[in-house]
Structure formats: C-alpha cells, structure tokens
Amino acid sequence: MSNVIVNRVIDFLKKFPPFSFLSLELLSQVAKEVDLVYFEKDEFLFQKGEPAKNYFFVVKDGAVKLTDFIDGEEQTIELCDEGDVFGVLALLGKRPYILNAKANENSLVMAVPVGIFDKILLENSQVSLYFASGFASGQVVVRSDLSQTQKVRSLLVNNSHQNGLLLFPGQAAINYSQPVIQCRIGETIAQAVGKMSADKVGSIIIVDENNHPQGIITDKDLRNRLIAKGLPYDTLVEKIMSYPVITAKKDLEFSQIYLNMVKNRLHHLVFTEDGTNQSKLIGIISDHDILLSQGNSPAVLIKALQDSSDVHEIAKLRNQAEGMLIYFLENELAIDFIAGIITEINDTIIQRAIHIAKSRHSADFPEVCETPFCFLGLGSEGRGEQLLRTDIDNAMVYEDVPEALEENTRRFMHLIARDVMDILFASGFHSCPAEMMANNPEWCQPLSKWKSYFSHWISKPDQQSLLMASIFFDFRAIAGKAALAEALTAHVYEEISSEKIFLNFFAKNALLNPPPLGFFRNFIVEKSGAHAEKFDIKLRAMMPLADAARVLVLNHQVVGVNNTFKRYEKLAELEPNQAELYKDAGKAYEIFMRFRALEGLSASSSGRFIKPDSLGKLQRQLLKNAFFPIDEIQKILRVRFQLDYFGK
C-alpha cells in the first residue's frame, strides 16, 4: 500500500516545477518523505511571524490563500491551487513567515521536508534557480531576482533540434587573426601587396606611427581603386585605403561583434586595446572567419537578400528567416541580438524593395526621381522590436521641392511607397488595419508637412493626437536620406521644449493600461469577443513599459535610442538612483517579447493573445514576476509629471 501511495505522489509531483526537473530516482526519494495533510476551510497552515517550519507545501487538492493584514484588514495576496508551491522560507533561510496561509476550501496539502531538498538544491541548478528566481507562491520578488528570472526561460523551451545553424559555440571557437598584417602610412601599394602576398591574406591594415589603425586595403580596393583607375604601384597606401576602420574591443561578447559586422555591412572588424582607432591594433576578424566559426549564418541570408531583385526570392528568403527566429528563441539567444538580426533582415528587404521600385519608375519621372526621401519605420518596427511578421507601420518623408515639381514628386513617391508595401505584403507582412503605412497618401509627405503634423500633435494633445504621437514618435530611418529623419527629430524636440505641457498629457496617456494583475494576482483577461478569456500581452504588459520609456526619454531629450529595453538601459545611466528599476523594466520587456514571439510562432498568429490556462505553472509565474516593474515605473510617471493633480 505504501508503494501505491508513493507512486501516486510521484505521478502528481512530476507534473509541476520544481519537481519536474528531478530524475525519477530523486523524485522517488522525495515522494517517500512527503506527508499528506488535510485542512478544513479557513484553517491556518501557518501565520505571519511564526518561525518557519521544517517543510514547505504543495497544494494537492483544493486551494490555499496567502493573506496579510493591511490597514487592519485581512487581504488576500495570492491564491494557490493545484501544484502551487508555497511556504518556502523554511528552505531559503529559515526566516519567520511573512504571510498567513489559510485553507480557502477543504484542502489536501503535501508537506515536503526541507532536509530531503538540501542536497537537491546543491546539486540541481534548475531547482535552485527555480527558488532563487522567486517562483514559489508568496515568495517576495526583489528587483535582483528578475535577472535570475530571465535565466529560467531556458527551462520553458522545447528544442526543435534544428542543427542547420551552429551558432555561438563560444569565444574559443572563433579564430581571430593576430598578429595583423599591416603597413605604415607613407608606404607604397607595392610594399603592401608584397606583404599580403607573402602571408596569403586578402587585406592589410594601414597604421600610423603609433600603430593606431587608420584604414584598410582589401583585394577589392586594389581592383577598384588602383587597377581599374590605372594608378601606378608606387601610389601611397593612404590614397586608396578605405577609412575610417570600424574598431571594437576584443573582449566583447561574440553576439555584439557579430551584430556590429552585420549592421555595418563589414567584411572585417578591427580590434584595438580600447576599442577605438586611437589605440594600438591587436587583432582582426573577417566575415570568412565568422562563417567558418558559425556554419550557416544569418549573414548568408542577409547577403542573399542584398543581391536579390526578384520579389518571389525575397519572400522565400524572409520565410527562411522565420526558421532562424525559432532556432534563436529555442536556444535562448539574447533578445537584443535576435531583434537586431531580424530588424536587419526586415530593413534589407525594404532597402531592396526601394531599389526595385526606383528601377521601375525612375525613367518616367526624370525631373524628380533623384529627390531625396527617407523611408521610416514606425511602432515596433521603428523600435527595432518586430520579431514576427505582424501588421506593419511605416511612412515616407521627402524633401520639399519647387511648386512646379510638387505634383510629379508626389506621384513618384506614392508609386515607390506602393511598390515597397506590395513587396512587404508578398514577404508575409500584414497590412496595418488603421492604414498607418507609407502607401497611404496621408503618410507619404514632404518634410514641411510632417513638421506640421508633429506641431499639431504636440500643441493640441487631444486623445487622437496622443494616439498619433504614441505611434509616430518612434520613427526610425530605414532607407534613404537619414538627414530628413534627423531634421524631423530636431523639430520634435524644439516643439516639445516650447510646449512642455505636452509631456504631462503624454505621461497621463501612458497610464491608460495599469499593471496586468487583478484580484488574487490573476491575469486580467479579455471578457468578451474573439479573444475572451485570453491575456493581451501587447496591451497589458508591453505597451505600459514602451509608453513609459518613450515619455521618459523624451523628457531627457535622448536622441537616437528607440528600442524599449535600450531606452531603459539609457535611463539607468541617466538616473542612477532608479537604475535597478529601469534595468528590471528592460528585462521584463525582453521577457514579454520572447513570450509573444513564441506564442505567435506556435499558434501562427501575432502572438498578442495568450490563454493563461495553456501556460505551465512556471510560465505563468515567470510572466507575473515580470509584471512587477510596471507599477513602479508608472508611479515614477505619476510623481514626475504630477499626474495626480494634472487634468483635474
């Protein structure tokens, strides 16, 4: 009979973390030590202030509520149901209980002795990480725990074992070339070529008398800048070198090095002592080194997109990127790296689409086809956060032209915008329901018109203006003349400086979505419609953090930082007294992005609506832990912009 009971305990516990991380042998040892205890409704299991017991609890049947007395009234902090673990302070420091535990209904509870878990905590990193990350019910989550919470993500994924991408095997597997083949400013091409030939390399770094890198000469430079132009071999190296060189510190994480090369379209990245071109040269890495280290690489995909002018091929390549995204998420690569790669892929598609569109229409508009314009990403694409091919927000801004050319310029720009959007739709992106897209004539305008838009939104911040501002203020130059986007940014900050009250309205608008936990700390779900009983992770978790970050960086007049978690990194630098909170807010946002992407990929949807019941215990607690910074960030907005008094 005892074996039957033990087996039933095993069958129950193995379904729930942290017991699900144990081997069958360890789980059997735990199960033999477990006591089953029955509690009547309203009976206390323990009370606040009592010394911690030598066991912690798991709800088998029924429910237990964790309560505290606040302002003289007993309030429920959390409701524990089947499989929830609580009372873990006995395990984590033997402090007195900080909450009451009371049976919410007749309940059967498992009492797990601390002694049996001591050894497990030392030997099983998954179990210790589970407890350290604040996943047990009623466990107070302090800010430092959110970094631990991020690590637990690796416990949530099921690898698809796609071995086609061998990514990031470790720093030691990457071959940095050192010492670097180099020559001095003032030497001739003949001398440089002699060194390249002797060492059988395709590039040489040009340094000054202090051994600081000043430029690079590659085989391509020799072909295009020397041989093609008929220059003699006694030409000085500085006459044909590419400069300035992009430099970095060698101790950067490989993902940062890799992303730097992808973003800057580099074939070589030079390493110096302090990461700048004003310190000594110490090493170099080439895209060939990258490919040898990484096998199949996103760089290959981006290069294929750069070389393609066929819409069907572009669409096929973007489909391949989806498989890459799945692999990245499953293998727990950092979200900023994943977002950087996917953003670079999406940007490359837009850049190729513009090239295709201009090739089609330029001949018909000879007078205006060279008019500078800039294609802007808006919303999540503007922030570099669009992992899934959801609906897209974008716009176009072009230079003002003489009145006689206005109509032709407008027609040309609208044709370019139309064709770009058609290629994006063919590549699997969805149309924006509100038509906030460049192919809408309202959002394809000259710079003067865009300035008037922003002036109106800032000077008359009604609800519609605030909605427009929340979408358009995250604009980012994707292709074309970036100076147009920079001019628009400068105009925005000038207007805000003269209309300071705007930020108060904008901050109040950022509080429209409160923290997403309701009574008993349950998820706030949609009550009706197609998404009834589902949690809207975009509206209730991501938007509150994105909106707050936007207001705060505008208040600091930070230029050039659009990404939400990078905004929080910047805010942590600017406000050291709030640094921990801002860092946690950034980490929370990354967690939400990961959840949404995984949901979207598994359900072939936007990933916006998640059914809480479909999540495991650990996943639900991971999300709940990530909600904590939202309330704290919104408190900062209330105080800083005096929102309790503003607008009354």
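Here the structure is a predicted model, which is why all the values come from computation and not from measurement. Counting restarts for each chain, with residues numbered from 1 along the sequence as it is written. Reporting of local features is limited, given that this is a predicted model, to residues whose pLDDT is at least 70; pairs of side-chain atoms are given and counted only at 80 or more, and all residues count toward the totals for whole chains, interfaces and linings. Heavy atoms throughout the structure, all of them, feed into the side-chain values; hydrogens and water do not.

**With respect to the overall build of the protein**
Part 1: In DSSP terms, a helix is any run of H or I states spanning at least four residues, a strand is any run of E spanning at least two, and both are numbered starting from the N terminus. The helix and strand tally for the protein stands at 22 helices and 20 strands.
Part 2: Burial classification: accessible surface area is computed with a 1.4 Å probe over protein chains only, and a residue below 20% of its type maximum counts as buried, one above 50% as exposed, and the rest as partly exposed. Counting across all 648 residues of the protein, residues that qualify as buried make up 53%.

**Overview of the packing of helix α19 (residues 537-555) against helix α21 (residues 579-603)**
Part 1: For helices, the fitted axis covers only the stretch in contact; all axes are lines through C-alpha atoms, and the angles between them, taken along N-to-C directions, range from 0 to 180 degrees. Where α19 contacts α21, the two axes come as close as 10 Å, and the packing angle between them is 140°. In the crossing of α19 with α21, the sense of the turn from one axis to the other is left-handed. Touching Ile537, Lys538, Ala541, Met542, Leu545, Ala546 and Leu552 of α19 are Tyr582, Ala585, Ala588, Tyr589, Phe592, Met593, Phe595 and Arg596, all from α21.
Part 2: Taken together, the residues of the contact of α19 with α21 sort by class into 13 nonpolar, no polar and two charged. Each helix crossing is assigned a hand: it is left-handed if the near helix lies turned anticlockwise from the far helix by less than a right angle, otherwise right-handed if that turn is clockwise. Contact criterion: two residues are considered in contact whenever any of their non-hydrogen atoms come within 4.5 Å of each other. Any residue outside Ala, Val, Leu, Ile, Met, Phe, Trp, Tyr, Cys, Pro, Asp, Glu, Lys and Arg is labelled polar, Gly included; the first ten of those are nonpolar and the last four are charged.

**Description of the nonpolar core**
The tendency in soluble globular proteins is for nonpolar side chains to be buried as a group.
Part 1: Put simply, buried Ala, Val, Leu, Ile, Met, Phe, Trp, Tyr and Cys residues joined by side-chain atoms within 4.5 Å make one nonpolar core. If you look at the biggest cluster of nonpolar residues, it comprises 126 residues, and the most contacted ones within it are Trp450, Phe472, Phe473 and Phe592.
Part 2: The element that contributes the greatest number of residues to this core is helix α12 (residues 335-361), accounting for 13 residues.
Part 3: Beyond its immediate sequence surroundings of up to four residues, phenylalanine 473 is in contact with Phe454, Trp457, Ile458, Met468, Val492, Ile496, Phe502, Phe506, Arg550, Leu554 and Arg567.
Part 4: Judged by nonpolar contacts, the second largest core, of 26 residues, contains Phe19, Phe21, Ala31 and Ile120.

**What about the packing of aromatic side chains?**
Part 1: When the centres of two rings from Phe, Tyr and Trp lie within 6.5 Å, Trp using its six-membered ring, the rings pair. Their planes under 30 degrees apart give stacked, over 60 give edge-to-face, and anything left gives tilted. According to the stated counting rule, one finds 29 aromatic pairs in the structure shown.
Part 2: Where tryptophan 443 meets tyrosine 453, the ring centres are 5.4 Å apart and the plane angle is 65°; that geometry is what we call edge-to-face. One end of the pair, tryptophan 443, is in the loop between α14 (406-426) and β17 (444-446); the other, tyrosine 453, is in helix α15 (residues 447-459), with 10 residues separating them in the sequence.
Part 3: Take tryptophan 443: its relative accessible area is 5%, and that puts it in the buried class.
Part 4: Classification of tyrosine 453 as buried rests on a relative accessible area of 13%.
Part 5: One aromatic cluster is present, built from ring pairs that chain together Trp443, Trp450, Tyr453, Phe454, Trp457, Phe472, Phe473, Phe475, Phe502 and Phe506.

**A closer look at unusual backbone geometry**
Part 1: In this structure, the amide linkage connecting proline 17 to the following residue, proline 18, adopts the cis form with an omega of 5°.
Part 2: With respect to the helices and strands, proline 18 occurs in the loop between α1 (2-13) and α2 (24-33).
Part 3: A cis geometry characterises the amide bond from tyrosine 243 onward to proline 244, with omega recorded as -10°.
Part 4: Mapped onto the fold, proline 244 is located in the loop between α7 (219-227) and β12 (247-249).

**Describing the sheet that holds strand β16 (residues 394-398)**
Part 1: Any two strands between which DSSP finds at least two bridges are classified as paired. Strand order in the open sheet formed by four strands is β17-β16-β15-β18, and the pairing between neighbours is mixed. Strands at the two margins of the open sheet, each flanked by one partner only, are β17 and β18 (476-480). Within this sheet the neighbouring strands show an average axis-to-axis angle of 30°, counted without direction.
Part 2: In terms of strand pairing, strand β15 (residues 373-377) meets β16 through five bridges, oriented antiparallel. Within β16, the residue paired with leucine 376 across the bridge is alanine 395.
Part 3: Taken strand by strand, α15 contacts β16 and β17, and its axis lies near 105° from that of β17.
Part 4: Across the face of the sheet, helix α17 (residues 482-498) comes into contact with β15, β16 and β18 while running at roughly 65° to β15.

**Quick look at the confidence of the model for the protein**
Part 1: The pLDDT averaged across the protein works out to 85; a share of 87% of its residues lies at or above 70.
Part 2: The pLDDT value tells you how sure the predictor is about a given residue, anywhere from 0 up to 100. Low pLDDT, under 50, characterises residues 140-144; the stretch is placed with nine contacts to residues that sit more than four places away or in other chains.
Part 3: For the stretch residues 158-173, pLDDT sits under 50, and the model shows 33 contacts to residues farther than four places along the chain or on other chains.

**Quick notes on α21**
Part 1: Between the first and last residue of a helix there are one fewer steps than residues, each counted as 1.5 Å, and that sum is the expected span. For α21, built from 25 residues, the straight-helix expectation of 36 Å at 1.5 Å per residue is met to within 8% by its first-to-last C-alpha distance of 36 Å.
Part 2: Counted residue by residue, α21 has 18 buried out of 25 residues, so it is predominantly covered.
Part 3: Within two residues after α21, serine 604 carries a phi angle of roughly 50°, on the positive side.

**Things to note about the pattern of salt bridges**
Oppositely charged side chains may form a pair once their charged atoms are brought near each other.
Part 1: The working definition used for a salt bridge is a side-chain nitrogen of Lys or Arg within 4 Å of a carboxyl oxygen of Asp or Glu. Following the criterion strictly, the structure yields 27 salt bridges and no others.
Part 2: Between aspartate 11 and lysine 14 there is a salt bridge, and its shortest N-O distance comes to 3.5 Å.
Part 3: Judged by relative accessible area, aspartate 11 falls into the partly exposed class, the value being 41%.
Part 4: The exposure class of lysine 14 is partly exposed, given its relative accessible area of 46%.
Part 5: When the shortest N-O distance is used, the salt bridge between glutamate 50 and lysine 53 registers 3.9 Å.

**Here's the deal with the pairing of strand β3 (residues 55-61)**
Part 1: Both β3 and strand β8 (residues 107-113) contribute to a ladder of six bridges, which runs antiparallel. Following the sheet pairing, tyrosine 55 is matched in β8 by proline 113.
Part 2: Two strands pair when backbone bridges link them, and β3 and strand β6 (residues 85-86) are joined in this way by two bridges, in the antiparallel orientation. Bridging across to β6, valine 58 finds its partner in valine 85.

**Let's talk about the side chain of threonine 409**
Part 1: By the element assignment, threonine 409 lies in helix α14.
Part 2: Residues within four places of threonine 409 in sequence aside, it is in contact with Val368, Thr371, Tyr398 and Val401.

**Side note on the sheet that holds strand β2 (residues 44-46)**
Part 1: If you walk across this open sheet you meet the four strands as β2-β7-β4-β5, and the pairing is antiparallel. Only two strands of the sheet have a single neighbouring strand rather than two, namely β2 and β5 (73-80). Ignoring strand direction, the axes of neighbouring strands in this sheet form an average angle of 35°.
Part 2: One ladder, built from four bridges, connects strand β4 (residues 64-70) with strand β7 (residues 100-103); its direction is antiparallel. Bridge pairing in β7 links lysine 65 to lysine 102.

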